[in-house]
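# Close look at the chain arrangement
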Amino acid sequence: MRRWRAMTFVTVGVLLAPRETVHAQIVRAVWLTGCWEARSADRVVEEQWMAPRGRTMLSMTRTVHLDTLVDYGQVVLREKNGQLEYETHPFDQPMAVFVSTQITESSLLFENPLHDYPQRIGYTRHGADSLIAWSDGTSGGKGRR
């Protein structure tokens with residue numbers, strides 16, 4: 001029985017080693033993991049990111065104004081063809097996919113120039129406990145961020 005366990009351990013180790021190389025992009029976004037919150041006097045925005053598994057990260061987002069839910073959505077962040085795809089499922093809107101154009105140790109940028117608004121979505125980490133999330137583009141002929 002001990003011999004079988006040792007062999008299983010070696011086999012699992014061999015099977016796991018190539019995955020790290022093949023799926024290196026999603027691992028670079030691991031710093032998004034956790035619950036992020038922006039708060040003002042009458043509004044709270046929360047974004048909860050799950051750790052990478054199966055070449056994906058999932059998030060849930062909600063915005064509450066006073067005591068009323070005003071917005072929510074989900075994001076599937078997945079590695080595909082050496083890039084990350086940011087598939088957003090916003091409340092009461094069609095799903096949209098944005099493709100990574102920048103992946104660093106502290107920032108992510110996703111773009112979809114054909115989307116109505118936004119055309120870009122980004123995240124920038126500042127230290128261990130601060131994150132700036134933003135979206136921008138053109139809507140109705142005017143730039144917005």
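A short tour of the structure in this document, coming up. Predicted model, so just to flag it, every value in this text is computed and none were measured.

## Some details on the nonpolar core
By size, the foremost hydrophobic cluster in this structure holds 19 residues, and its most contacted members are Leu32, Trp49, Leu77, Tyr86 and Tyr123. Going through the elements one at a time, strand 4 (68-80), strand 5 (83-90), strand 6 (96-103), strand 7 (107-111) and strand 8 (120-126) are the ones with two or more residues in this core. With three residues, strand 6 is the largest single contributor of residues to this core. With sequence-adjacent residues up to four places away left out, Trp49 is seen in contact with Leu32, Thr33, Gly34, Trp36, Met57, Leu58, Ser59, Val75, Leu77, Tyr86 and Tyr123.

## Side note on the layout of surface pockets
Empty space within the largest pocket amounts to approximately 940 Å³. In this structure, the largest pocket is lined by 33 residues; those nearest its centre are Val45, Glu47, Thr61, Asp71 and Ser135. Those elements that place two or more of their residues in the lining of the largest pocket are strand 1 (34-39), strand 2 (43-49), strand 3 (56-65), strand 4, strand 5, strand 8 and strand 9 (130-139). Among the residues forming the lining of the largest pocket, the class breakdown is 19 nonpolar, eight polar and six charged.

## Considerations on the pattern of salt bridges
Counted by the stated rule, this structure contains six salt bridges. Across the pair Glu105 and Arg28 runs a salt bridge, and its minimum N-O distance is 3.6 Å. A residue pair is termed long-range when its members are at least 10 positions apart, and Glu105 in the loop between strand 6 and strand 7 and Arg28 in the loop between helix 2 (24-27) and strand 1 qualify at 77 residues. Note on Glu105: relative accessible area 52%, which makes it exposed. Arg39 is the salt-bridge partner of Glu37, the closest N and O atoms lying 3.1 Å from each other. The partly exposed category is assigned to Glu37, whose relative accessible area is 45%.

Cut-offs applied
Residues numbered from 1 in each chain as written. Predicted model: local features only at pLDDT ≥ 70, side-chain atom pairs only at ≥ 80, totals over all residues. Heavy atoms only, no water. Core = buried A, V, L, I, M, F, W, Y, C linked by side-chain atoms within 4.5 Å. Buried < 20%, exposed > 50% of the residue type's maximum accessible area, 1.4 Å probe, protein only. Helix = DSSP H or I, 4+ residues; strand = E, 2+ residues; numbered from the N terminus. Contact = heavy atoms within 4.5 Å. 1 Å grid on protein atoms, 1.4 Å probe; cavity = no way out; pocket = protein on both sides within 12 Å on 5 of 7 lines; lining within 4 Å. Points joined across faces, edges and corners; volume = space filled by probe spheres on them. Nonpolar A, V, L, I, M, F, W, Y, C, P; charged D, E, K, R; others polar. Salt bridge = Lys/Arg side-chain N within 4 Å of Asp/Glu carboxyl O.

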